[in-house]
Amino acid sequence: MGKSAPLTLAFVGLGDIADAMIWPVRLNRRIQVTACMDIVPERAEGFAGKNGIKMWYTDYKTMLSAGGFSAVYLAVPHFLHADMILQALEAGYHVFVEKPVTLTVEEAQRVEAEAGRTGLKVAVNYQYRYNAGAARMMQKIHGGSIGKPLSAVVQVPWSRDESYFSKAPWHGRKAQAGGGTLL
């Protein structure tokens, strides 16, 4: 079994989530971030500089046309997901997107159809499934030590303060955020 080439990845949307996601990506030697894009030039150039990324862009379509990567990671406002996923698939790239995949079922069905047509993959980042507590719970469920669960209640013991919404106003707009990650 031979050594496979690293996954080449372009980061799109370079805010707080991208800053949080770049460090585990950089720890994985099988992933190479070769491009990044943000509509704010200073953010794109700064992110590229501090992370050793050679190519940075302020226009998504230009980045897709330029290439140099095999997949895109989308950390953009939710209302942009569907169109940006479809553009990436049409351009021949796999997609890793923050939750929710889209705002509506119809948009998700379009994404699914395009992924099927192109044979490309679309993955959604649900990082909390790897949380130590969630992993222990799943081990107990799959191991049968707690019996067969009939229902479950999950409580997330944190909240968002005003700065979360003032820093990125789309977070508080249903038409743009879609109602949260339960979608």
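Heads up: the structure comes first, above all this text.
So, here is what we can say about the structure in this document.

What counts and how
Throughout, residues of each chain are indexed from 1 in the direction in which the sequence is written. Selection of residues for local features in this predicted model requires a pLDDT of at least 70, selection of side-chain atom pairs for listing and counting requires 80 or more, and totals for whole chains, interfaces and linings are taken over all residues. Just so you know, side-chain values use all the structure's heavy atoms and leave hydrogens and water out. In DSSP terms, a helix is any run of H or I states spanning at least four residues, a strand is any run of E spanning at least two, and both are numbered starting from the N terminus. Summary of the burial criterion: residues with accessible area below 20% of their type's maximum are buried, those above 50% are exposed, and those between are partly exposed, where the area comes from a 1.4 Å probe applied to protein chains only. Here the positive residues are Lys and Arg and the negative ones are Asp and Glu; neither His nor the chain ends is included. What counts as a salt bridge is simple: a side-chain nitrogen of Lys or Arg found within 4 Å of a carboxyl oxygen of Asp or Glu. Polar contact criterion, stated in full: a pair of N or O atoms within 3.5 Å, where within protein one must be able to donate a hydrogen and the other to accept it, and residues adjacent in sequence count only if both atoms are side-chain atoms. Contact criterion: two residues are considered in contact whenever any of their non-hydrogen atoms come within 4.5 Å of each other.

1. Here we look at the side chain of Glu 98
Examined against the element boundaries, Glu 98 turns out to sit in strand β5 (residues 94–98). Buried and without a salt bridge, Glu 98 has Lys 99 as its closest oppositely charged side chain, separated by 4.2 Å. In terms of polar contacts, Glu 98 uses its side chain to reach the side chain of Asn 125, at 2.8 Å. In contact with Glu 98, other than residues within four places in its own chain, are Ile 17, Met 21, Tyr 73, Leu 74, Ala 75, His 81, Val 124, Asn 125 and Gln 127.

2. Brief notes about the pattern of salt bridges
Summed over all chains, the structure comprises five salt bridges. A salt bridge links Lys 167 to Asp 16, with the nearest nitrogen and oxygen atoms 2.8 Å apart. Taken together, the residues span a long stretch of sequence, with Lys 167 in helix α7 (residues 162–167) and Asp 16 in helix α1 (residues 16–27) at a distance of 151 residues. For Arg 110, the salt bridge goes to Asp 83, with nearest N and O atoms at 3.9 Å. Here Arg 110 is found in helix α5 (residues 105–118), whereas its partner Asp 83 is found in helix α4 (residues 81–91), with 27 residues between them in sequence. Of the residues examined, Arg 110 reaches a relative accessible area of 44% and is grouped as partly exposed. Given the relative accessible area of 46%, Asp 83 is considered partly exposed.

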